[in-house]
Amino acid sequence: MIAAIVVDVPSGSVNKTFDYKVPEQWEKWAEPGMRVIVPFGPRKLQGFILELKNSSDVKGLKNIIEILDPLPVLTSELIELGQWLAGHTLSFYITTYQAMLPAAMKATYEKFFVVLKQENLPEHLAVSFPRHGELSFNEVMKEFPDQLNEYLSLVKSGTLDVIYKVKDKANKKKVKFVSILNKELAAELLKENQKKAEKQRAVLSELLYRPPGDYLMQDILVETGASLPTVQALAKKGIVQIEEKEVYRDPYKGRNIKQSEPLPLTDNQLDAIKPILNSIENDQHDTILVHGVTGSGKTEVYLQSIQAVLDKGKEAICLVPEISLTPMMVNRFKGRFGSRVAVLHSGLSVGEKYDEWRKILRKEVSVVVGARSAAFAPFTNLGIVIIDEEHESSYKQEDHPRYHARDVSIWRGKYHSCPIVLGSATPSLEAYARAKKGRYILSELKSRVHSNPMPEVKIVDMREELKSGNRSMFSNDLMEMMKDGLKKREQTVLFLNRRGYASFILCRDCGYVAECPHCDISLTYHKRNAALKCHYCGYQETIPSACPSCASEHIRFFGTGTQKVEEELAKVLPEARVIRMDVDTTSKKGSHERLLTAFEKEEADILLGTQMIAKGLDFPKVTLVGILAADTMLHLPDFRASEKTFQLLTQVSGRAGRHELEGKVIIQGYDTEHYSIQLASQHDYHSFYDYEMKTRKLHQYPPFFYLGLLTFSHPDLMQAVDASEKAASFLSSRLSEQSIMLGPVTSPIARIKDRYRYQVMIKYKNEPELGNWFEEIIFHFQKDKSMKDLQITAELNAQTLM
DNA sequence: AGCACGCCGACT
DNA sequence: GTCGGCGTGCTC
């Protein structure tokens, strides 16, 4: 039997399968989708079996060294999906398959020297070798780099050998259990009433006191005050038995989740769920866009759709933007489906993710709630995929493979002939356009549950405030309403899409702006550690006391970040209790949830934060939402700037007045006439859609055209320009007439981490060869050794131009 | 990606 | 004469 295997080398020249013999003893066992270890040249590498066959064109096949999995970790569906996805995203097969599995299953490699002829090993080197005779190559490199050559020549002379080890990062958590093995011996030892082995006897009497069975070692040790060696001694005598059992880490241990029953649906929700249930009923693949205003009860629609899928004995995936951001969502799923739910998100440790994932593989769960990568959950009888907040940019992975969870889900929906549900209060233009064209089924939830009104939104032009003498960052209206809220013991959410303290520093005398020396981007001032930080490469420097350019001391901070707002709040509303949530306050594990829980328990009056408080939060006492700088995103060099602004304003506004109390929203900004701000304040998605579609059509952007993007980066500007020009001329002679090429031009961020960035953009409707041309370009420059510092990224369906 | 193999310049 | 620099091409 022969296995076609992709090996763990992310490189174009080995982006294919290699054939290996399956040793006879494993022929019954081997299956496509299993991980294996194979010899590859002089090395040992991990790989995936993609196919089993009877013959090969290659002579002199090597044997598979080891099969790593008792069951395939990639289903046949995922193997097929990977083939498609690798082509679609211009990624290598191995990278794509690895993206489908938890990080814990990726191999790590280590090289060792081993002693072959002890007698030939010089004394000064022999002392470095541990007893078992293996010395890590890396250790030599680190500790004794000047001895490396000596080691290598010993390898040549046959005194030493080099061996390669493949390690699995996966750590199955094991827990020890203890049980009585021989009751008679135990009783005997207990009768020996000596001072000796007092602890051993304590352990035995504890075990004999309990009904026969396996007990947690930890419990027994704590109960008796004995230590592990004591019990091990008993095991040696054959009196007790110690067993290790695998257990799952439970990230939600000790949490009390209230069980919930399906709620009666409103007429609105019943209408919305109808097409979904219809697809489920008929095992049909449809993509259904649920456009529901904030607070319209989309989640309940999801939950009941999933219930219908489970009732048919099928499985469900629900994707959410970044689940650690919404513990509420997890609770709602666990509350409804209990232990049938696995949760996969970035807040979990590598081991926790691995455990949750194995529950899916072993069919111990039938519902998965998770972020982007959960789209690959290895279900075999998938009945629905729901993508909540479909418009979110985090569904697109920004490194290889650059996949979009929506595309992956729709592929799987076709494969399993099951519905894909996209839900959003502010659908992406792409999705809504497809729904209007009839490619997706449109399902609208037009009003909030219990007919709560949409919050009343007021736009405040901060230029007017300034004219009337208010120089603070809070308008008079917002200030009054925050005070009012405090009086009534209601809560406020304040949103500002910028962390740190000030966005940039400027010299008032010469106009100098502090910029990152490695990136073309201004530095952000962080007050807590008195530093200027680059949000792109992490560069930090201390604040200059004088202008580095003209030595003037008139340095001013401009732009406001969450830190500064927090400080200002303490001054103007000292009685208000404020919780600040941004990357800086939530970096520690669990801090996110802790802050939200505190706000939920009304331990604070004001929740101040960035993007991360924009969605999914549902607090009954929140009656006021203040958006401090609504127009900051508007002027970014991004064709989605208006769309993103509209989405964000709508999402944030939606946090207000979701229950009995009515909500109010204040939007502050300078460019307040802009249509995305005006229409968001009127909760008018449809007008926004119409208007924005016109501008997209006019400028030939998605969804009218796809965007192909080639970015060239090089430490030397001219090299980057040169490469991009060559690529552009290569492409321009091949592109069809309908396509438009822009560039080469500098990227919106012209330099990151000391690399200059140039790009070529292709707007196209149908260009089936474009992917191949991109690959040809990459291949061409890979061969060109004069360009070895050149990096190229290629994308067929770019979401942003940054 | 690594690694071996192979072909040219600077030393014992 | 050999050691070692890195350019080239292969890995079932």
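Since we're looking at a predicted model, the values are computed, not measured.

1. Describing the protein's contact with DNA strand C
By nearness alone, 13 residues border DNA strand C, and Lys 16, Asp 19, Phe 40, Gly 41 and Lys 62 come closest of all. In DNA strand C, atoms within 4 Å of the protein come from the sugar-phosphate backbone in 44% of cases. At a separation of 2.6 Å, a base oxygen of DNA strand C approaches a polar backbone atom of Asp 19. Within the side chain of Tyr 20, one N or O atom sits 3.3 Å away from a phosphate oxygen of DNA strand C. For the surface near DNA strand C, the secondary structure elements donating two or more residues are strand S2 (18-21) and strand S3 (35-40). Counting residues per element, the surface near DNA strand C draws most heavily on S2, at 3 residues. Of the residues belonging to the surface near DNA strand C, the class tally is 7 nonpolar, 2 polar and 4 charged.

2. Describing the UniProt feature "binding site: Zn(2+) 1" (unreviewed entry) in chain A
Here, the residues flagged by UniProt with the feature "binding site: Zn(2+) 1" (unreviewed entry) are Cys 507, Cys 510, Cys 547 and Cys 550. Across 44 residues, the annotated set stays spatially compact, with a maximum C-alpha separation of 8.6 Å. Mapped onto the elements of the fold, Cys 507 is located in strand S21 (residues 504-507). With a relative accessible area of 1%, Cys 507 lands in the buried category.

3. Points about the confidence of the model for chain A
Put simply, chain A has an average pLDDT of 87, and 98% of its residues get 70 or more. Ranking the elements of chain A by mean pLDDT puts helix H3 (residues 123-126) last, at 75, and helix H14 (residues 405-416) first, at 97.

4. Description of the protein's contact with DNA strand B
Taken together, the neighbourhood of DNA strand B is formed by Val 9, Pro 10, Ser 11, Ser 13, Pro 42, Arg 43, Lys 111 and Tyr 164. In DNA strand B, the atoms that sit within 4 Å of the protein are 67% sugar and phosphate, with bases accounting for the remainder. Pro 10 places a polar main-chain atom, nitrogen or oxygen, 3.4 Å from a phosphate oxygen of DNA strand B. In the environment of DNA strand B, a phosphate oxygen lies 3.5 Å from a nitrogen or oxygen atom belonging to the side chain of Tyr 164. For the surface near DNA strand B, the class distribution of residues is 4 nonpolar, 2 polar and 2 charged.

5. Brief notes about the packing of helix H7 (residues 198-209) against helix H8 (residues 217-224)
Their axes nearest at 10 Å, the elements H7 and H8 cross at an angle of 120°. By the angle class used here, H7 and H8 are oblique. Judged by the sense of rotation from one axis to the other, the crossing of H7 with H8 is right-handed. Seen from H7, the contacting residues are Lys 199, Ala 202, Val 203, Glu 206 and Leu 207; seen from H8, they are Ile 220, Glu 223 and Thr 224. Considering only residue class, the contact of H7 with H8 consists of 4 nonpolar, 1 polar and 3 charged.

6. A closer look at helix H12 (residues 327-337)
Along H12, 8 of the 11 residues are buried, which leaves the element largely enclosed by surrounding structure. Along H12, the residues that are buried comprise Pro 327, Met 329, Val 330, Phe 333, Lys 334, Gly 335, Arg 336 and Phe 337. Two residues or fewer after H12 comes Gly 338, characterised by a positive phi angle close to 55°.

Calculation criteria
- Residues numbered from 1 in each chain as written.
- Chains lettered and ligands numbered in written order.
- Predicted model: local features only at pLDDT ≥ 70, side-chain atom pairs only at ≥ 80, totals over all residues.
- Heavy atoms only, no water.
- Near = heavy atom within 4 Å.
- Polar contact = N/O pair within 3.5 Å; in protein donor to acceptor, adjacent residues only side chain to side chain.
- Helix = DSSP H or I, 4+ residues; strand = E, 2+ residues; numbered from the N terminus.
- Nonpolar A, V, L, I, M, F, W, Y, C, P; charged D, E, K, R; others polar.
- UniProt positions renumbered as here; feature names shortened; annotations may be inferred.
- Buried < 20%, exposed > 50% of the residue type's maximum accessible area, 1.4 Å probe, protein only.
- pLDDT = per-residue confidence, 0-100.
- Axes fitted to C-alpha atoms, helices over the stretch in contact; angles between N-to-C directions.
- Parallel < 35°, antiparallel > 145°, perpendicular 65-115°, else oblique.
- Left-handed = near helix turned anticlockwise from the far one by under 90°.
- Contact = heavy atoms within 4.5 Å.

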